[in-house]
Amino acid sequence: MPHLDYLNQAFQLANQANAKQIRPNPFVGAVVVDENGVVIGEGFHQQYGGAHAEVFAINAALQKMNDLSKTTLYVTLEPCSHFGKTPPCTNLILQYKIPRIVIGSRDPNPKVSGIDLLKQNGVEIIEMILPAIEKMNAVFFANQIKRRPFIQLKMATTINGKIADRLGNSQWISNTASREYVHTILRDSADAILSTAKNIIQDKASLNIRIDETIKELSVVVIDRDLDLLKPEHQSVPIFYERMNSKMYLLSNKTANDLPKNVEIINVLFDEKNQIKLEDLGEKLLQLNLCKVLIEAGSKLSSYLIENNWADELIVFIAPKLIMDQQAINVFENDTEQLLIAATNLQLEETKLLGYDVMLRYTFK
């Protein structure tokens, strides 16, 4: 088989991992092929802190032959060259004298220089950068390059771009099928939901995961500068359900004592307009191992995030409804002048019909 076929085999292996079990690490698959083109070892990264894909593949190959000096290693991501939770994979490659490596993407982590190290030691490196492999690790790439979580921004809107009526009523613009998709796909794959205290109080939100009458916990990050959620009159908001395996993080520049169980205050910086400083927020969310965050908030925060290049995907559920009222709430609100020439450009990645709703998933160009 040509290089591409073996690399695709490694790609399929990598996809077997559970994203939440490997984070903050990337998806990685590896295949060892002998000089006759026979696959003699394969593996994928399965657990954060556990063996890397190359280790599984090389150890499997060693069960079939002791001499790997004429084999080729196919791996979806550049092998690591530094000590982390496990030793560098480059050490193992050099130890068993594997002469050729075919990789599907480079590692954006600045600590990784596996290609350079292997080349210096005489290993042939063939790079076949595949967009599908890079897309598979979109979360990891965002974490490493942008120093923040991968951000999905979710909105439910009428055809004419309204997310609530003039009184703030938004339940429900989208239909049952759309809401099921949000729970089973978007919330279930996220490490946390980020919203604002205002939205949570107004919507009486719980922001957990509800699938087939089963309720699962989900961590939530709340922008709550004045700690409004902790006021006595808001203690009955459903967001305060009993948490056993999740946390509620309140983002504020204030402190408080006697917090409810599994509620933490994360001190963050705000600017002169009382807007949260996103660079500071990104680093702090990564420190909490929140690598992929779903935003369910209002029009102003959504606009602020997009303006500051703080969104990776925009997921819009369009309901076949019209709210013919100028004072109804628009999907985006911004006081800044923006001409057509400065419009934000999007790339359509997916469409889905959910009952009579249409789901559109975009990435930002």
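Residues numbered from 1 in each chain as written. Predicted model: local features only at pLDDT ≥ 70, side-chain atom pairs only at ≥ 80, totals over all residues. Heavy atoms only, no water.

(A) Examining the packing of aromatic side chains more closely. As enumerated under the stated definition, the model contains 3 aromatic pairs in all. When the ring of Tyr6 is compared with that of Tyr74, the centres are 5.0 Å apart and the planes differ by 35 degrees; the resulting orientation is tilted. One end of the pair, Tyr6, is in helix α1 (residues 3-14); the other, Tyr74, is in strand β3 (residues 72-75), with 68 residues separating them in the sequence. Judged by centre distance (6.3 Å) and plane angle (75 degrees), the rings of Phe140 and Phe141 are edge-to-face. The aromatic ring of Trp172 is capped on one face by Arg179, whose charged end is 4.4 Å from the ring centroid. Above the plane of the ring of Tyr241 lies Arg243, whose end atom (NZ or CZ) is 4.3 Å from the centre. (Phe/Tyr/Trp six-rings, centres within 6.5 Å; stacked < 30°, edge-to-face > 60°. Helix = DSSP H or I, 4+ residues; strand = E, 2+ residues; numbered from the N terminus. Lys NZ or Arg CZ within 6 Å of the ring centre and 35° of its normal.)

(B) Just the pairing of strand β1 (residues 29-33), in detail. The buried fraction of β1 is high, at 5 of 5 residues. Taking every second residue as pointing to the same face, both faces of β1 are buried, with Gly29, Val31 and Val33 on one and Ala30 and Val32 on the other. Two elements, β1 and strand β2 (residues 39-44), share 5 bridges in a ladder whose sense is antiparallel. Directly across from Gly29, in β2, lies its bridge partner Phe44. Taking the residues between adjacent antiparallel strands as the criterion, β1 and β2 are bridged by 5 residues, where Gly37 takes a positive phi near 85 degrees. The sheet contact formed by β1 and β3 spans 4 bridges and is antiparallel. Paired with Ala30 across the two strands is Val75, which belongs to β3. (Buried < 20%, exposed > 50% of the residue type's maximum accessible area, 1.4 Å probe, protein only. Pairing = 2+ DSSP bridges.)

(C) Quick look at unusual backbone geometry. Arg23 connects to Pro24 through a cis peptide bond whose omega is 10 degrees. Inspection of the secondary structure assignment puts Pro24 in the loop between α2 (19-22) and β1. In this structure, Trp172 follows Gln171 across a cis peptide bond, with omega equal to 0 degrees. In this fold, Trp172 is placed in the loop between β7 (162-164) and α8 (176-189). The phi angle at Leu227 is positive, at roughly 55 degrees, despite the residue not being glycine. Among the secondary structure elements, Leu227 is positioned in the loop between β11 (220-223) and β12 (248-252). Its relative accessible area of 8% is what places Leu227 among the buried residues.

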